[in-house]
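Chain and residue survey
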Amino acid sequence: SAGRDIQALIRKVEVTHALAKDDVVALLRDTHYVEDFFAAADRVRRKYVGDDVHLRGLIEFSNICKQNCLYCGLRRDNHKLKRYRLKPETIVEFAEKAQSYGYRTVVLQSGEDEWFDVETMTYLIKKIKEMDLAVTLSVGEKPREVYQKYREAGADRYLLRIETTDKDLYEKLDPGMSWDNRVRCLIDLKELGFELGTGCLVGIPGQTVESLADDILFFKKLDADMIGVGPFIPNPDTPLAAEKGGTFEQSTKVMAMTRLLLPDSNIPATTAMESLNPQGRVLALQRGANVVMPNVTEGEYRQLYQLYPGKICINDTPAHCRFCITGKILGIGRRISETQGFRVKQA
Ligand code: SAM
Ligand code: SF4
Ligand code: FES
């Protein structure tokens, strides 16, 4: 019967970490064995990456963006948003605070803001590397030469979600951008020796389950080191205001499938997941995730980095978030990692 097929597929992927696209689709569509599916992802997480949770301190250093992605609150045509750009000294100060909270990685994220040229970015990377922190960048598409300079300055990791592997859909939602260039970026980053992070949005208008299966198989083919999956949450100040958005359940299914197929990768319990479900990150940590990215941006800037409505922690301080997330992680019997949390590849 179909039920036996689903259970057999769960057993198979838990052991082989490989599946055909049709089988990925069947598991994403299934509604009867979802708890068994999540339990398998949790076992694989535990077996390959253990009970440690890696914390990455996130600094949202500019909400200025030259791109116009239809889903994102930072898009250039959103004139309702008050824009900010942190001074390099402030970014360094936030990184020092991140270190004082015990975080071993700082993630520098922003819109595509050309004010941060190669000199400024390499200055920041070098400064933060001197603090014995791992540096992750998430600043969008750049020429290979620019990525190379970042790498030479000491940046360790790069996050660039493919968003969707459906090229036509991508180019509709990210007007003026090219899907092929995004893939070029990912390949360049990998060749330059960054730990490579990618990922997708779940529930964007026009996306199918087949396309989500393609996304997961794309992560596997790329052999991404980190994969961030999150629900699309419609923003009222964007052209996608009236769309439905993704669900918590479906995003965690895509995440769990990713864990089953890339067992030793680093997978965050994403902020957007918790924005849809008050227990979202803890549940995600029990469905395959092993990373959390607490916000270390201070003051009014947090409110202004408004990708979507309902974003968590916008009125909290970095110190409070540190305390809060520690309690949640220890509360489910997991540990806070004391390492920089690079991917440990298993044969
Ligand atoms: N500008 C860089 C880029 O696009 O790669 C980094 C910053 S961008 C704000 C980070 C991620 O936010 C994007 O990759 C996208 O998946 C996510 N995002 C944007 N708008 C969103 C929304 N409405 N709901 C959920 N996630 C969203
Ligand atoms: Fe800019 Fe990134 Fe938002 Fe697109 S997703 S508008 S590139 S900040
Ligand atoms: Fe920010 Fe809980 S992590 S308030």
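Whatever comes next refers back to the structure up there.
Residues numbered from 1 in each chain as written. Chains lettered and ligands numbered in written order. Predicted model: local features only at pLDDT ≥ 70, side-chain atom pairs only at ≥ 80, totals over all residues. Heavy atoms only, no water.

**Comments concerning the site of ligand 2**
Residues in contact with ligand 2, as listed here, are Cys65, Gln67, Cys69, Tyr71, Cys72, Leu74, Arg75 and Gly111. Taken atom by atom, the bulk of ligand 2 overlaps the largest cavity. Of the residues in the shell around ligand 2, the class split is 5 nonpolar, 2 polar and 1 charged. (Near = heavy atom within 4 Å. 1 Å grid on protein atoms, 1.4 Å probe; cavity = no way out; pocket = protein on both sides within 12 Å on 5 of 7 lines; lining within 4 Å. Sits in = over half its atoms within 2 Å of the grid points. Nonpolar A, V, L, I, M, F, W, Y, C, P; charged D, E, K, R; others polar.)

**Considering helix 2 (residues 21–29)**
Buried residues of helix 2: Val24, Val25, Leu27 and Leu28, and no others. The arc that holds the buried residues of helix 2, viewed along the axis, is 165°, so those residues lie on one side. Against the buried residues of helix 2 lie helix 1 (2–16), helix 3 (34–49), helix 9 (209–222) and helix 10 (248–261). (Buried < 20%, exposed > 50% of the residue type's maximum accessible area, 1.4 Å probe, protein only. Helix = DSSP H or I, 4+ residues; strand = E, 2+ residues; numbered from the N terminus. Arc of directions from axis to C-beta. Contact = heavy atoms within 4.5 Å.)

**Observations regarding the pairing of strand 2 (residues 105–110)**
Where a strand is regular, its side chains alternate between the two sheet faces. Counting buried residues along strand 2, 6 of its 6 residues qualify, which places the element largely inside the surrounding structure. Residues Thr105, Val107 and Gln109 line one face of strand 2 and the alternating positions Val106, Leu108 and Ser110 line the opposite face, and both faces are buried. By the bridge criterion, 6 bridges tie strand 1 (residues 52–62) to strand 2 in an arrangement that is parallel. Across the sheet, the residue bridging to Glu60 is Gln109, located in strand 2. For the segment spanning strand 1, helix 4 (residues 88–100) and strand 2, crossover handedness is right-handed. For strand 2 and strand 3 (residues 134–138), the ladder comprises 5 bridges, and the chain directions are parallel. Following the sheet pairing, Thr105 is matched in strand 3 by Ala134. In this view, the connection linking strand 2 to its parallel neighbour strand 3 by way of helix 5 (residues 118–129) has right-handed handedness. (Pairing = 2+ DSSP bridges. Right-handed = clockwise from strand over helix to strand, strands pointing away.)

**Remarks on the site of ligand 1**
Around ligand 1 sit 18 residues in total, of which Tyr71, Ser110, Arg161, Glu163 and Ile233 are the nearest. A distance of 2.8 Å separates an oxygen atom of ligand 1 from a polar atom in the side chain of Arg161. Here Ile233 contributes a backbone N or O atom positioned 2.8 Å from a nitrogen atom of ligand 1. For ligand 1, the protein covers 92% of the area, taking 560 Å² as the surface of the free molecule. According to the grid-proximity analysis, the pocket containing ligand 1 is the largest cavity. Looking at side-chain class alone, the shell around ligand 1 contains 10 nonpolar, 5 polar and 3 charged residues. (Polar contact = N/O pair within 3.5 Å; in protein donor to acceptor, adjacent residues only side chain to side chain. Areas by Shrake-Rupley, 256 points an atom, 1.4 Å probe, with all protein chains shown as cover.)

**As for the nonpolar core**
One finds Ile59, Tyr150 and Met257 to be the most contacted residues of the largest nonpolar core, which totals 102 residues. Every residue in contact with Met257, bar those within four places of it in the chain, is listed here: Val13, Leu19, Val24, Leu27, Leu28, Phe37 and Ile216. (Core = buried A, V, L, I, M, F, W, Y, C linked by side-chain atoms within 4.5 Å.)

**Side note on the side chain of Thr252**
With respect to the helices, strands and loops of the structure, Thr252 is situated in helix 10. Look at Thr252 and you get buried, because its relative accessible area is 0%. Thr252 has contacts with Phe38, Met273 and Arg287, leaving out every residue within four places of it along the chain.

**Observations regarding the packing of aromatic side chains**
For the coordinates displayed, the defined rule picks out 9 aromatic pairs. Both rings, one in Tyr158 and one in Phe194, keep their centres 5.9 Å apart while their planes meet at 85°; by these two values the pair is edge-to-face. Separated by 36 residues along the polypeptide, Tyr158 in strand 4 (residues 157–159) and Phe194 in the loop between helix 8 (179–191) and strand 5 (195–202) bring together distant segments of the chain. The exposure classification of Tyr158 matches that of Phe194, with both residues buried. Here the aromatic cluster, defined as three or more aromatic residues joined through ring pairs, consists of Tyr147, Tyr150, Tyr158 and Phe194. Across the ring face of Phe194, the terminal group of Arg151 is positioned such that the distance to the ring centre comes to 5.6 Å. Lying over the aromatic face of Phe342, Arg157 brings its terminal NZ or CZ to 4.1 Å of the ring centre. (Phe/Tyr/Trp six-rings, centres within 6.5 Å; stacked < 30°, edge-to-face > 60°. Lys NZ or Arg CZ within 6 Å of the ring centre and 35° of its normal.)

**A closer look at the side chain of Asn277**
Mapped onto the secondary structure, Asn277 falls in the loop between helix 11 (271–276) and helix 12 (280–285). For Asn277, a relative accessible area of 18% translates into the label buried. Within polar-contact distance, the side chain of Asn277 engages the backbone nitrogen of Gln279 at 2.7 Å. Not counting residues up to four positions away in its chain, the partners in contact with Asn277 are Phe248 and Leu283.

**Structural notes on empty space enclosed by the protein**
Space left empty within the atom packing is revealed by a probe, the size of a water molecule, rolled over the atoms. Counted by the stated rule, this structure contains 3 cavities of 30 Å³ or more. Roughly 1100 Å³ of internal volume is contained in the largest cavity. Residue lining of the largest cavity: 50 residues in total, with Gln109, Ser138, Arg161, Glu163 and Leu307 positioned closest to the centre. Considering each element in turn, the lining of the largest cavity owes the most residues, 5 residues, to strand 6 (residues 226–231). Split into classes, the residues belonging to the lining of the largest cavity amount to 26 nonpolar, 15 polar and 9 charged. In this structure, the second largest cavity encloses a volume near 60 Å³. Lining the second largest cavity, in full, are Leu58, Glu60, Thr271, Arg281, Met293, Pro294, Asn295, Lys311, Ile312 and Cys313. (Points joined across faces, edges and corners; volume = space filled by probe spheres on them.)

**Some points on unusual backbone geometry**
Its identity is not glycine, yet His17 carries a phi of approximately 55°, on the positive side. With respect to the helices, strands and loops of the structure, His17 is situated in the loop between helix 1 and helix 2. With relative accessibility at 7%, the residue His17 sits in the buried group. Positive phi, close to 70°, is recorded for Cys313, a residue that is not glycine.

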